[in-house]
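# Structural characterization, general
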Amino acid sequence: MHIDTAVVLAAGEGTRLRPLTRNRPKPMLPAANRPILEHVFDALVEAGIEKLVVVVGYKRDRVQDHFGPTYRGVPISYVSQTKQLGSGHALLQARSVVDGPVLVMNGDRLVDAATIEAVDSSYAETAHTSIAVVERQDTSRYGAVEVQDGDIVDIVEKPQHDEFRLINGGVYAFDGDIFEAIDETTRHAGELALTDTIELLLGSDRVRAVEVDGMWVDATYPWDLLTVAREVLARGRVVESARDEQVWVDNSARVHDEATLQSPAVIGPDCEIGPDAVIGPNVALGRNVTIGANSVIQHTVLDADTRVDPSSTLVDTVTGQDVNLGVNTVVPGGPADVQVGTAVFEDQRLGAVIADRAVALGDVSFVPGSLVGPNARLATGVTVDGTVREDAEVVR
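Computed from a predicted model, the values in this text were never measured in an experiment.

The rules behind these values
Residues numbered from 1 in each chain as written. Predicted model: local features only at pLDDT ≥ 70, side-chain atom pairs only at ≥ 80, totals over all residues. Heavy atoms only, no water. Pairing = 2+ DSSP bridges. Helix = DSSP H or I, 4+ residues; strand = E, 2+ residues; numbered from the N terminus. Buried < 20%, exposed > 50% of the residue type's maximum accessible area, 1.4 Å probe, protein only. Polar contact = N/O pair within 3.5 Å; in protein donor to acceptor, adjacent residues only side chain to side chain. Contact = heavy atoms within 4.5 Å. UniProt positions renumbered as here; feature names shortened; annotations may be inferred. Domains from an automatic or database assignment. Buried area = accessible area lost by both parts, 1.4 Å probe. Salt bridge = Lys/Arg side-chain N within 4 Å of Asp/Glu carboxyl O. Nonpolar A, V, L, I, M, F, W, Y, C, P; charged D, E, K, R; others polar. Axes fitted to C-alpha atoms, helices over the stretch in contact; angles between N-to-C directions.

### Description of the sheet that holds strand β28 (residues 324–325)
Pairing is parallel in the open sheet, where eight strands are placed in the order β16-β19-β22-β25-β28-β33-β36-β39. The open sheet has two free edges, formed respectively by β16 (254–255) and β39 (393–394), since each of these has just one partner strand. Summarising the sheet, strand β36 (residues 377–378) and β39 pair through two bridges and their orientation is parallel. Counted as the bridge partner of Leu378 is Val394 from β39.

Given below as structure tokens:
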């Protein structure tokens with residue numbers, strides 16, 4: 001039986017993506033020039049889902065205000081997880097609005113409709129819990145799975161050895177008893193993890209592994225947003241009104257005749273590109289982005305209302321919304337060692353992350369791997385190296 005209802009888990013903050021998640025949840029960060037969650041909804045609608053249930057929590061108004069009661073004609077119901085107590089606990093919040101089999105997926109991971117259809121088909125054919133599994137060379141960041149004869153027989157979270165090749169893809173098909181199974185799951189440190197419930201199911205029933213090889217992109221750390229953008233652009237998963245050789249330009253955008261657009265790139269609504277600016281490759285500009293004359297923007301994601309003044313160079317850069325970068329701003333690009341919390345990640349492709357409403361007054365340079373918090377103010381001539389906290393004012 002085809003599953004017509006999907007529960008999307010979108011309540012988490014995404015602390016490892018700070019400072020970009022300081023003002024909005026992770027699923028609302030940009031995948032190219034649209035929120036990640038829009039791409040998730042697109043895949044579900046294209047796979048035939050007729051009812052969307054979204055579990056919201058952290059900054060939930062950012063989700064509800066953006067999407068409203070429907071998406072592409074499909075009704076949306078919202079339920080709240082007031083405290084983030086794990087993925088199983090999040091799914092439990094949808095119990096009152098779900099009747100019968102349900103498809104469950106994460107709201108912060110990009111997959112294609114074919115992956116969802118494959119999981120749905122497996123459940124329809126077998127009536128057993130079915131889970132998408134994806135092959136990855138490095139499984140240490142994910143839940144690795146062991147598969148025998150098409151069944152999942154074990155799940156190992158973030159394995160420290162390389163004997164695994166398959167990971168949990170985060171797309172599930174369950175029957176209506178999943179909520180009772182979650183009730184029976186033991187909490188760890190006060191949290192209910194959906195993977196713990198699945199391990200419980202392994203002892204009593206078959207759990208089918210559905211190997212898929214379509215799009216599967218996860219944004220865990222700030223530099224992952226650059227990978228997400230590359231994947232979206234490569235697959236043409238943008239919604240704009242004009243296209244020319246993998247360059248998408250909205251009809252309301254104003255691009256100077258002397259500007260150069262290099263594919264792939266997407267220029268969102270109401271953008272303005274000045275003369276002799278070079279945009280691309282792998283660039284995504286959100287709504288109302290302004291790029292000044294003689295600027296070079298490459299391998300970069302600029303979110304809505306960002307302004308880049310003339311003669312600036314941005315490589316491997318991600319901005320939040322309403323960022324203002326003054327004349328001669330320079331971000332030379334990665335690789336770099338990036339500190340996220342107390343952990344240092346070596347050789348990441350990241351020039352800088354500049355969060356919402358940050359301002360650089362001019363002639364500001366960024367050492368690769370820099371992270372700038374919301375509302376920070378960088379004085380003229382400053383060199384940024386490392387992390388600049390929220391609301392900070394940096395002077396020479």
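### Examining the side chain of His39
On the secondary structure map, His39 appears in helix α1 (residues 36–46). The exposure class assigned to His39 is buried, which follows from its relative accessible area of 5%. A distance of 3.2 Å separates a polar side-chain atom of His39 from the backbone oxygen of Ala31. Only 3.5 Å separates the side chain of His39 from the side chain of Arg34, close enough to count as a polar contact. Setting aside its immediate chain neighbours within four residues, His39 contacts Ala31, Arg34, Leu110, Val232 and Arg237.

### Structural notes on the UniProt feature "domain: Mannose-1-phosphate guanyltransferase C-terminal" (unreviewed entry) in the protein
The feature "domain: Mannose-1-phosphate guanyltransferase C-terminal" (unreviewed entry), as annotated in UniProt, sits at residues 264–381 in this numbering. In this annotation, residues 264–381 is assigned 0% helix and 45% strand; the end-to-end C-alpha distance for the span is 32 Å.

### Brief notes about the domain arrangement of the protein
What the domain assignment lists for the protein is domain 1 (5–218) and domain 2 (235–394). Domain 1 and domain 2 are separated by 31 Å when their C-alpha centres are compared. Between domain 1 and domain 2, roughly 1600 Å² of surface is buried when both sides are summed, and carbon and sulfur atoms account for 53% of that area. Inspection of the region where domain 1 meets domain 2 yields three salt bridges. In this structure, the salt-bridge partner of Arg22 is Glu390, at a minimum N-O distance of 2.9 Å. Along the contact surface separating domain 1 from domain 2 lie four residue pairs in polar contact (both at pLDDT 80 or more). No other element matches the three residues that α1 contributes to the side of domain 1 that touches domain 2. Of the residues assigned to the side of domain 1 that touches domain 2, the class counts are five nonpolar, four polar and seven charged.

### Here we look at the pairing of strand β7 (residues 102–106)
Most of β7 sits inside the fold, with five of its five residues counted as buried. A two-sided burial pattern is seen for β7, the buried positions comprising Val102, Val104 and Asn106 on one face and Leu103 and Met105 on the other. As judged from the four bridges shared by strand β1 (residues 5–10) and β7, these two strands associate in the parallel manner. Directly across from Val8, in β7, lies its bridge partner Met105. Relative to strand β12 (residues 166–174), β7 runs antiparallel, the two being bridged by four bridges.

### A word on the environment of Val238
Looking at the secondary structure, you find Val238 in the loop between α7 (224–234) and β15 (247–249). Overall, Val238 belongs to the buried group, its relative accessible area being 12%. Sequence separation between Val238 and Asn33 is 205 residues; the distance between their C-alpha atoms is 7.6 Å. Apart from residues lying up to four places away in sequence, Val238 is in contact with Asn33, Val232, Leu233, Trp248 and Val266.

### So, the sheet that holds strand β24 (residues 300–302)
Spatially, the eight strands line up as an open sheet ordered β15-β18-β21-β24-β27-β32-β35-β38, and their pairing is parallel. Unpaired on one side and paired on the other, β15 and β38 (387–388) mark the two borders of the sheet. Across three bridges, the pairing between β15 and strand β18 (residues 265–267) is parallel. The residue of β18 that forms the bridge with Trp248 is Val266. Strands β15, β18, β21 (283–285), β24 and β27 (317–319) of the sheet are contacted by α7, whose axis makes an angle of about 95° with β24.

### Considerations on the pairing of strand β10 (residues 143–148)
Two elements, β10 and strand β11 (residues 151–157), share six bridges in a ladder whose sense is antiparallel. Across the sheet, Val147 pairs through a bridge with Ile152, a residue of β11. As judged from the two bridges shared by β10 and β12, these two strands associate in the antiparallel manner. Residue Ala144 lies in a different strand from β12, and its bridge partner there is Ile167.

### A look at the pattern of salt bridges
By the definition in use, this model includes 21 salt bridges. Among the salt bridges present, the one from Asp218 reaches Arg109, with a minimum N-O distance of 3.3 Å. Residue Asp218 is found in strand β14 (residues 216–218), and its partner Arg109 is found in strand β8 (residues 109–111); the two are separated by 109 residues along the sequence. Using a relative accessible area of 9% as the deciding quantity, one classes Asp218 as buried.

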